[in-house]
Amino acid sequence: MGRGIFITLEGPDGGGKSTQAQKLYKYLRNKGYSVIRTREPGGTKVAEKLRSILLDAGNKISSLAEIFLYEAIRAQHVQELIKPAVDEGKIIICERFSDATFAYQGYGRGKDMNMIKKLDSVATDGVIPHLTILRDIPPKTGKIRLVNSSKKQDRIEQENIAFHKRVREGYLELARKYPGRIKIISALGSKQDIHEKIAGYVEEVIRRNRIKRSRK
Ligand SMILES: Nc1ncnc2c1ncn2[C@@H]1O[C@H](COP(=O)(O)OP(=O)(O)OP(=O)(O)O)[C@@H](O)[C@H]1O
Ligand SMILES: [Mg+2]
């Protein structure tokens, strides 16, 4: 990869990914870094179109086709946005990436993890986040937050609590496997406390990769 850094935010639905992505984006912008905020599934025009097909609760999609759709979206996103931005030395903040597919389709749906990993490495062309923040939250708390936010539930969010428990366990297992990259942060603290913890990890990665500020 080039000179930038690629940061992903992961965790179950309603864990506060969007909230923290926004806070981190503002924090880094204010410090003068070149930052891009994006998300999966989506991030580019075509990928966002595929997202709406994928998440539409009215669509019946086979679990295998679901994996290909996620990976198709990822391939487009990496080629069109993530790789070029990293090559230009930017900081990319992305909500969800490969770990989400491992957690939801692998652990959640029980699809063959080796098959998913193979497809994913083709789609990402070897792009791996420098840092992944895992926002850990008990599935019930996430659910309550979602219901309170009056957002309509999408095709994946509608899955039962047992599915979401497997996803959470899967994420925690990934974090145990890749402790250098994946940092777990309990989502139960205040938005500001969580932000400060995330900023601490991000500053460390910025130092390690010698990322320069482009604006004053
Ligand atoms: N630390 C927190 N404490 C209490 N409530 C929070 C906290 N962080 C976020 N929330 C609230 O929880 C809800 C979900 O947050 P947010 O949309 O950021 O989560 P998300 O992970 O992006 O969810 P989704 O998976 O739906 O995209 C929002 O109403 C938000 O204000
Ligand atoms: Mg969100």
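Since the structure is predicted, the reported quantities are computational estimates derived from the model, not experimental observations. (Residues numbered from 1 in each chain as written. Chains lettered and ligands numbered in written order. Predicted model: local features only at pLDDT ≥ 70, side-chain atom pairs only at ≥ 80, totals over all residues. Heavy atoms only, no water.)

A. Region of the structure containing the overall build of the protein. A tally of helices and strands in the protein yields eight helices and five strands. Walking the protein from its N terminus toward its C terminus, one meets helices and strands in the order β-α-β-α-α-β-α-α-β-α-α-β-α. The C-alpha atoms of the protein give a radius of gyration of 16 Å, which matches the 17 Å a tight globule of 216 residues would have. If one aligns the C-alpha atoms of the protein with their principal axes, the spans along those axes are about 50 × 35 × 30 Å. Counting across all 216 residues of the protein, residues that qualify as buried make up 49%. Contacts in the protein between residues far apart in sequence, at least 24 positions, make up 79% of those at least 6 positions apart. Looking at the protein as shown, the accessible area adds up to about 10600 Å², and 52% of this sits on carbon and sulfur atoms. (Helix = DSSP H or I, 4+ residues; strand = E, 2+ residues; numbered from the N terminus. Rg over C-alpha atoms; globule rule 2.2 N^0.38 Å. Buried < 20%, exposed > 50% of the residue type's maximum accessible area, 1.4 Å probe, protein only. Contact = heavy atoms within 4.5 Å. Areas by Shrake-Rupley, 256 points an atom, 1.4 Å probe, with all protein chains shown as cover.)

B. Looking closely at helix 7 (residues 161–177). Between its first and last C-alpha atoms helix 7 spans 24 Å; for 17 residues at 1.5 Å apiece the expected length is 24 Å, and the two agree. Taken together, the buried positions of helix 7 are occupied by Phe163, His164, Val167, Gly170, Tyr171, Leu172, Leu174 and Ala175. Here helix 7 starts with a cap whose side-chain oxygen sits 3.3 Å from the backbone nitrogen of alanine 162, and that cap is asparagine 160. (Expected span 1.5 Å × (residues − 1). Polar contact = N/O pair within 3.5 Å; in protein donor to acceptor, adjacent residues only side chain to side chain.)

C. Expanded view of the site of ligand 1. The immediate surroundings of ligand 1 are formed by 18 residues, with Lys17, Ser18, Thr19, Lys151 and Lys191 found nearest. Within the backbone of glycine 16, an N or O atom sits 2.9 Å from an oxygen atom of ligand 1. Between threonine 19 and ligand 1, the recorded distance is 2.5 Å, taken from a side-chain N or O atom to an oxygen atom. Protein contact buries 75% of the 630 Å² of open area that ligand 1 shows by itself. Elements with a minimum of two residues in the shell around ligand 1: helix 1 (17–30), helix 6 (139–148) and helix 8 (191–208). Examining the composition of the shell around ligand 1, we find that three residues originate from one element, helix 1, more than from any other. Among the residues making up the shell around ligand 1, the classes are represented as three nonpolar, eight polar and seven charged. (Near = heavy atom within 4 Å. Nonpolar A, V, L, I, M, F, W, Y, C, P; charged D, E, K, R; others polar.)

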